[in-house]
Amino acid sequence: MPALDRMRVLELSQYEAGPTCGQLLAWLGADVVKVEPPRGEAGRHVLGDGSYDSQYFLNYNANKRGVALDLERPRGRELFLELLPGFDVVVENYAPGVMERLGLGYEELSAVHPGVVLARIKGYGLSGPYASYKSYDPLAQAAGGIFSLTGEPEGPPLRSGGTFADTGTGMVAALAVTAAFVQREQTGRGQEIELSMQEVVTMFVRTVGVLDGSWPHQAAPRRGRGAGAPSDMFACAPGGPNDYVYTLVGTQRMWDALCTAMERLDLLGDPRFATAEARRRHQGELHAEIERWTRERSKQEVMRILGEAGVPCSAVLDTGDLFRDPHLEERGFIRRLEQPCEGGGVEERTLLGPPMRLSASEVALSPAPRLGEHTEAVLATELGLDAAALEGLRAEGVIL
């Protein structure tokens with residue numbers, strides 16, 4: 001039986017943070033119904049070309065059912081509130097004030113369904129001086145400290161490559177929803193969950209300030225490419241923009257293993273590199289010695305040699321490498337699904353699978369829903385609406 005087989009979720013979300021929460025819950029077995037406006041949520045055409053079912057949308061909405069319902073219309077709001085008692089959780093990440101404007105705040109929802117768990121994802125939470133500010137992933141990263149740590153020590157702050165704020169907040173939201181669901185099973189009471197993307201991002205920078213002693217009194221420096229040889233970034237063959245490996249050699253045993261794997265036992269007897277302190281003082285010279293070896297090999301070869309020798313090391317895999325990585329392929333993390341197209345037919349899409357594996361809970365990966373794909377089925381099953389009623393709602397523009 002899937003772990004969250006009894007949980008039912010109405011997802012009112014867009015882009016990434018809310019959809020990530022819903023997708024994780026769906027991957028764990030929850031019945032997640034994504035409620036979108038008839039034009040579709042913004043993530044369907046995030047590339048700006050007006051096309052639906054972009055790769056972006058598909059990667060954040062697999063394993064969900066889809067309903068197209070216009071909450072701006074009174075009848076659309078009524079239908080949502082009629083659906084609500086049949087579900088346990090509502091997840092939303094609309095801009096500040098949208099749920100209140102729609103009359104779907106926690107007070108309104110809990111009046112209809114006292115046991116509802118409402119998860120609310122906002123850039124800065126529901127209170128405080130910034131609460132009304134709109135936010136997106138890079139803004140939350142800037143506000144949470146990540147930008148200040150990214151880049152070379154003498155250079156400007158840099159935007160990081162990943163969407164840590166959106167995906168990270170979605171993951172924390174899924175954990176909070178699961179905890180609230182378990183609590184409701186024990187008490188019968190629902191609750192409102194509030195998440196601030198800024199606060200979640202700050203969780204990712206705690207270690208940095210603690211390690212260098214700056215926390216919480218002063219700004220930690222930017223981290224640059226490495227922490228000094230032999231914990232550093234090294235160029236590899238054939239010299240492309242991502243042909244690098246990163247090593248983290250934290251103990252004397254790892255240093256010994258590195259020199260042995262490189263067949264450079266002479267470095268072990270070199271007084272410049274005899275101790276960790278000496279290696280720090282002569283890090284430029286040590287970097288050159290190690291990189292002379294790595295430049296003769298591909299990043300994958302260096303990772304294999306050092307990994308098998310017990311030296312912590314990873315190739316810098318780019319987004320193209322990831323979808324061809326033999327390790328991820330063998331573990332089944334890279335998935336290929338036949339995705340229905342809006343105009344009919346199917347096409348194969350490559351998606352990332354669930355990052356968690358439960359030995360007693362397995363959920364098959366299913367494609368993201370087409371816009372409004374399950375509207376009729378959900379409204380007929382949950383509310384008992386017949387074909388004539390559904391056609392009338394469609395004619396009014398309430399559903400797609």
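Refer to the structure printed above.
1. Quick word on the pairing of strand 1 (residues 8-12)
Along any regular strand, the residues point their side chains to alternate faces of the sheet. Counting buried positions along strand 1 gives 5 out of 5 residues, so the element sits mostly inside the fold. Going residue by residue along strand 1, you find Arg 8, Leu 10 and Leu 12 tucked away on one face and Val 9 and Glu 11 tucked away on the opposite face as well. Relative to strand 2 (residues 31-36), strand 1 is paired through 4 bridges, and the arrangement is parallel. Across the sheet, Arg 8 pairs through a bridge with Asp 31, a residue of strand 2. Following the chain from strand 1 across helix 1 (residues 17-27) to the adjacent parallel strand 2, one finds a crossover that is right-handed. Note that strand 1 and strand 4 (residues 89-92) share 4 bridges and pair parallel. What sits directly across from Leu 12, in strand 4, is Glu 92.

2. Observations regarding the sheet that holds strand 5 (residues 117-122)
Across a sheet, strands are paired by hydrogen bonds formed along the backbone, either parallel or antiparallel in direction. With parallel pairing, the 6 strands of this open sheet are ordered in space as 3-2-1-4-5-6. Both outer strands of the open sheet, strand 3 (65-68) and strand 6 (191-196), are each paired with one neighbouring strand and no more. In this sheet, neighbouring strand axes are inclined to one another by 20 degrees on average, regardless of whether the strands run parallel or antiparallel. In the sheet, strand 2 pairs with strand 3 via 4 bridges, with the strands oriented parallel. The residue bridging Val 35 from the neighbouring strand is Val 67, located in strand 3.

Definitions and limits used
- Residues numbered from 1 in each chain as written.
- Predicted model: local features only at pLDDT ≥ 70, side-chain atom pairs only at ≥ 80, totals over all residues.
- Heavy atoms only, no water.
- Buried < 20%, exposed > 50% of the residue type's maximum accessible area, 1.4 Å probe, protein only.
- Helix = DSSP H or I, 4+ residues; strand = E, 2+ residues; numbered from the N terminus.
- Pairing = 2+ DSSP bridges.
- Right-handed = clockwise from strand over helix to strand, strands pointing away.
- Axes fitted to C-alpha atoms, helices over the stretch in contact; angles between N-to-C directions.

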